[in-house]
There are 2 protein chains.
Amino acid sequence: MTTIRDVAEAAGVSIATVSRALHGLPRVSDATRQRVLAAAAELRYVASPSAASLASGQTNAVGVVAPFINRWYFAAVVHSAEERLRKAGFDLLLYSLGTDVQERHRAFSGTLLSKRVDAVLVLGLHPTADEVAALSAVGGPVAIVGAKVPGWASVRIDDEAAARSAVRHVLDLGHRRVGFIGGDDPLRTAMPAERRAGYRAELIAAGLPVHPELEAVGEFTVRSGYAAAVRLLQLPEPPTAIFAASDEMAMGAVQAARRAGIAVPRDLSVIGIDDHEMAELLDLTTVAQPVVAQGVLAAEMLLGALVEPDGEPHSVTVPTELVVRGTTGPAPRRG
Amino acid sequence: MTTIRDVAEAAGVSIATVSRALHGLPRVSDATRQRVLAAAAELRYVASPSAASLASGQTNAVGVVAPFINRWYFAAVVHSAEERLRKAGFDLLLYSLGTDVQERHRAFSGTLLSKRVDAVLVLGLHPTADEVAALSAVGGPVAIVGAKVPGWASVRIDDEAAARSAVRHVLDLGHRRVGFIGGDDPLRTAMPAERRAGYRAELIAAGLPVHPELEAVGEFTVRSGYAAAVRLLQLPEPPTAIFAASDEMAMGAVQAARRAGIAVPRDLSVIGIDDHEMAELLDLTTVAQPVVAQGVLAAEMLLGALVEPDGEPHSVTVPTELVVRGTTGPAPRRG
DNA sequence: GTGAAAGCGCTAACAA
DNA sequence: TTGTTAGCGCTTTCAC
C-alpha cells in the first residue's frame, strides 16, 4: 500500500510537507508542491481516511438517516443531497431504518454515528426529545427534512397548509363529502397528523362537519391506499372526493375506484400530495412539493454549519403548489 | 470524548482487556468481561471507527456504486443489500453516479473507495477492463449485480432470455408486428443491448423479419417510453404489440397509446421487464425479476468473500417470470 | 519554507 | 487471564 511516506521519499521531502502540499496549505513553495503532486499522482497515492480522521478529528462523511430508501420521496431527496455533498468532498453513509424500532433506536442513540460522521441528515422522521438529545450529543450539526426541531437546521413543507390547499381545491369544485386517506405513523413522523389536521381544518373553515367515518388510515403505499378507498367507497353514503395524504395512496384510490366501476373524476375526484414522478403519467391532481430543492438545501445547511459551527441553524419552509390534472372535477349532481 | 482508556480505568483493567472483552474474544474471564461491559455501557462508550480501522486494517464498511438511487430497481436492491449488510455489522457508503463520466471515473479509479471500504457492491454498471482492474486493485472483494465480470461475484438475470420470454408471450398471442422500445446506454451497462438482442433473436426464431424502424431508443424513463411509443405508433404500419426493455418505459408506452385513442390491449399490447412496484396498479404485463433476492444474494456473497478471501467468486443467474396482466391480449384481426 | 516529533484511539503480538 | 507496547498513517505544533 502506498503511504504518505512513499510519496515523501519519492519527492525528496518530509511527510509533513507532503501533507501540506496535498491539502493546498500555505508554507509550501510552488516548486515543492509540484514535485509532491507529481510524485503522488505517479504512485497513485490516496490518503488513508482512517488515519486522516484519527489525526484530524474529521471524517469527511455525512450520515443520512431515513426510514426508507426505496420510496420515491426519500430516494429523490437522498439523491439530490448526495450530489451536493459529494461536490463538497463528503461521503455519504446511509442508514435506512425500515419500521424496525430497534434500528431506529440504534441510529439515534449514536452507536452507529458517533465518531463516524461530521454531520447528520435526518429525513422524514420526527425524533423524540431523547432522540434529539442523543443525536445532538454525537457532536456535529444535524439537519432535518420534513420536521422542525429546535436547535437543528430544518427544511420542510407546511404539511397542514398543503393538505388544506388540496381539500380547498375539491371544495371549490363543489364537493361537500370529502374523504380522507391518511397514513399511520409507526415512525412517529408527525407529518401524517399534520396532513389530517389540515384536512379537518379546511372542512371546518368551510362550515362542513368532520365525519370520522370518512377518514381511513393505512400505510403510505399504493396497496394501502387501494384498500382504504375500497372501505370509503363502500360506505352507505360514500364521499364524492378523496384527499389522500400521499400520491402513492391516491394512486391506489384511483385504481380502486376504477375497478369498482366508479368513473374518475366524473363520479369521484381524487387528489394527493407529492407530485410523485408517476403522477403526471397517471394524470393525478396533487399538491407538489419540491424534492430536489429540499435535499440540496438541507445539504447546504449542513455544509454551512460545518464551516461555521456557531451560526444559528435556519429553519426553512419551502412552498408547495397545487397541480390540477385529470383526477379531480366538479362534484356530481346529487342523485 | 470517551475513549477506551476511560473504560479501562473505570473497569480497573488495561485497554487491551477492554478491547478483548468488547469484541467477545477469548482469554477474558467472565467476571472481567461483565465489569468491562458495564463500564462501557455506563460511559456510553463507542469505539472510534477510524482508530479501529487504522489499527486493524478493516473498515467495516461496504461501498455501493450505482448509477442512480432514485430509480425503483436500484433503490430496491440497495435497500435489501443494506439490510443484510447492516445485520452483519457493516456500514454502507453510497456512491450514486448519475450519468456523469467524471464521477464514474472517480468511483472506479479507487480514489473514492481505496482504504475506505472492505468490499464493493456494483449495481447496474458494466465496467470496462480498466475499471475492473482499478476496482480490483482497491483490494477487497467486489460483487456486481446486473452484469458478469470474471473474478468478481455476480448476481443477475439473463437479460436476453427475459426479453425473449416477453416477446414470445406476444407472439403466442398472435402478434406479428412487434415493436421494441430500448434504452441507450450512456453508462455502458450492456443490459440494454442484451434485451434488444433477445427481442431480435425471438423474432428470428419465429421466422419473422427484424424491422429496424420498429425499434425505438430512449432513456429508461416513463417520459422516454412515452415519446418512443409515439414514434412507433405514427409509423405507416404501426406495431400491434410493443415490448419495452423496462416497466417504466412500458408505462409510458401505455399512456401514449391511451392518449392517442388506441385501446390497450385491444388495439395494442404492451409488455415490459421488471415488475416495478407500480406494475400491478397499472395492470401491466411484464417479466418479473427478483430485486430483493438480488440485493441480499450479492450482500451475502460479499460477506462470504470477506470471511473466506480465497474462495472462488460465484456467479448466479436468478430466474425471471412472465407475469401476465391486462396490457397484453390477442392480436387484432387484420384490418 | 521545511522537518522532527508528538500524538489521534485503537488492535494485536508478545510477555508475564 | 491480563498487561505492556509497538505500531497503523496521518495532522499539526513547534523549532529551525
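Residues numbered from 1 in each chain as written. Chains lettered and ligands numbered in written order. Predicted model: local features only at pLDDT ≥ 70, side-chain atom pairs only at ≥ 80, totals over all residues. Heavy atoms only, no water.

Right, let's talk about the relation of the copies chain B and chain A for a bit. The transformation that overlays chain B on chain A combines an axial shift of 0.1 Å with a rotation of 180°, and the residual RMSD is 0.1 Å. Both copies of the chain, as the preceding transformation shows, are related through a two-fold rotation axis. The share of interface residues of chain B whose copies in chain A are also at the interface is 100%, consistent with both copies meeting through the same surface. (Least-squares fit on C-alpha atoms with pLDDT ≥ 70 in both. Contact = heavy atoms within 4.5 Å.)

The next subject is the side chain of Asp159 of chain A. All names here are of chain A. With respect to the element layout, Asp159 can be found in helix H8 (residues 159-172). Judged by relative accessible area, Asp159 falls into the buried class, the value being 3%. At 2.8 Å, the side chain of Asp159 and the side chain of Arg195 are in polar contact. (Helix = DSSP H or I, 4+ residues; strand = E, 2+ residues; numbered from the N terminus. Buried < 20%, exposed > 50% of the residue type's maximum accessible area, 1.4 Å probe, protein only. Polar contact = N/O pair within 3.5 Å; in protein donor to acceptor, adjacent residues only side chain to side chain.)

All right, on to the protein's contact with DNA strand C then. Thr32 of chain A together with Ile4, Ser19, His23 and Tyr45 of chain B are the nearest of the 26 residues found near DNA strand C. Backbone atoms, meaning sugar plus phosphate, form 66% of the atoms of DNA strand C positioned within 4 Å of the protein. Within the side chain of Thr17 of chain A, an N or O atom sits 2.8 Å from a phosphate oxygen of DNA strand C. The separation between a base oxygen of DNA strand C and a polar main-chain atom of Ala55 of chain A is 3.3 Å. Elements supplying a minimum of two residues to the surface near DNA strand C: helix H2 (15-22) and helix H4 (49-56) of chain A together with helix H2 (15-22) and helix H4 (49-56) of chain B. (Near = heavy atom within 4 Å.)

Attention now goes to the domain arrangement of chain A. Residue and element names in this part refer to chain A. The domains assigned to chain A are domain 1 (4-47), domain 2 (59-156 + 291-318) and domain 3 (159-289). If you average the C-alpha positions of domain 2 and of domain 3, the two centres end up 29 Å apart. Listed by partner, the interface residues are 15 residues for domain 2 and 14 residues for domain 3. Roughly 1,200 Å² of surface becomes buried between domain 2 and domain 3 when both sides are summed, with 53% attributable to carbon and sulfur atoms. Summed over the three residues of domain 2 that lose the most area to domain 3, namely Arg71, Trp72 and His126, the buried surface amounts to 44% of that side. (Domains from an automatic or database assignment. Buried area = accessible area lost by both parts, 1.4 Å probe.)

Now for the pairing of strand S4 (residues 142-145) of chain B. Residues and elements named next belong to chain B. Neither face of S4 is open: one carries Val142 and Ile144, the other Ala143 and Val145, and all of them are buried. Where strand S3 (residues 119-123) lies against S4, 4 bridges are found, and the strand directions are parallel. Of the residues in S4, the one forming a bridge with Leu121 is Ala143. In this sheet, strand S5 (residues 153-156) lies alongside S4 in parallel orientation, the contact comprising 3 bridges. Opposite Val145, over in S5, you have Val155 as the bridge partner. (Pairing = 2+ DSSP bridges.)

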